[in-house]
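Coordinate inspection notes
Now for the letters of each chain:
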Amino acid sequence: MSTLVTAALLIALPIAFNAAFALLAVKFDYPDILRRPTGEILERFRRGGSALVPLWWAFAMTALLLAPLAVLLSGNVPGADSSLLAVGTVVLVKMQFCADQSRKNACREGYESDDTRRSA
């Protein structure tokens, strides 16, 4: 049963993640909107209405659920050292999270330089 659940999640989570990303791209111009001034971003979010909030939650939760999936996966690879596989997979998930955070920080730095140029 655990193998079937793991397989289903390995298929469903990436599809759900990419679907949420695509919907955010269509409805909110994500991730390009992160390069725009803060006021414009907040205005677009306000115009998007309450439908954007569950969409952002779905995007975040599909990414978050990849960590427990790593543990499930480690238990379903025959002959593998499950603790090593779990640690390695969690590290890869963490690296992806850090890459996302780096991209967001780079966008924030862009905002700050935009705000500095406007006030000068």
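What counts, and where the lines are drawn
Residues numbered from 1 in each chain as written. Predicted model: local features only at pLDDT ≥ 70, side-chain atom pairs only at ≥ 80, totals over all residues. Heavy atoms only, no water. Helix = DSSP H or I, 4+ residues; strand = E, 2+ residues; numbered from the N terminus. Contact = heavy atoms within 4.5 Å. Areas by Shrake-Rupley, 256 points an atom, 1.4 Å probe, with all protein chains shown as cover. Buried < 20%, exposed > 50% of the residue type's maximum accessible area, 1.4 Å probe, protein only. Polar contact = N/O pair within 3.5 Å; in protein donor to acceptor, adjacent residues only side chain to side chain.

**As for the overall build of the chain**
A count of helices and strands for the chain gives 5 helices and 0 strands. When the helices and strands of the chain are read in sequence order from the N terminus, they spell out α-α-α-α-α. Sequence-distant contacts, at least 24 apart, represent 65% of the contacts inside the chain between residues at least 6 apart. Of the roughly 8000 Å² of accessible surface on the chain, a fraction of 69% belongs to carbon and sulfur atoms.

**Focus on the side chain of threonine 62**
Here threonine 62 lies in helix α3 (residues 52–64). Judged by its relative accessible area of 10%, threonine 62 falls in the buried class. There is a polar contact of 2.9 Å between the side chain of threonine 62 and the backbone oxygen of phenylalanine 59. Contacts of threonine 62, omitting those with residues within four sequence positions, involve Leu13, Ala16 and Phe17.

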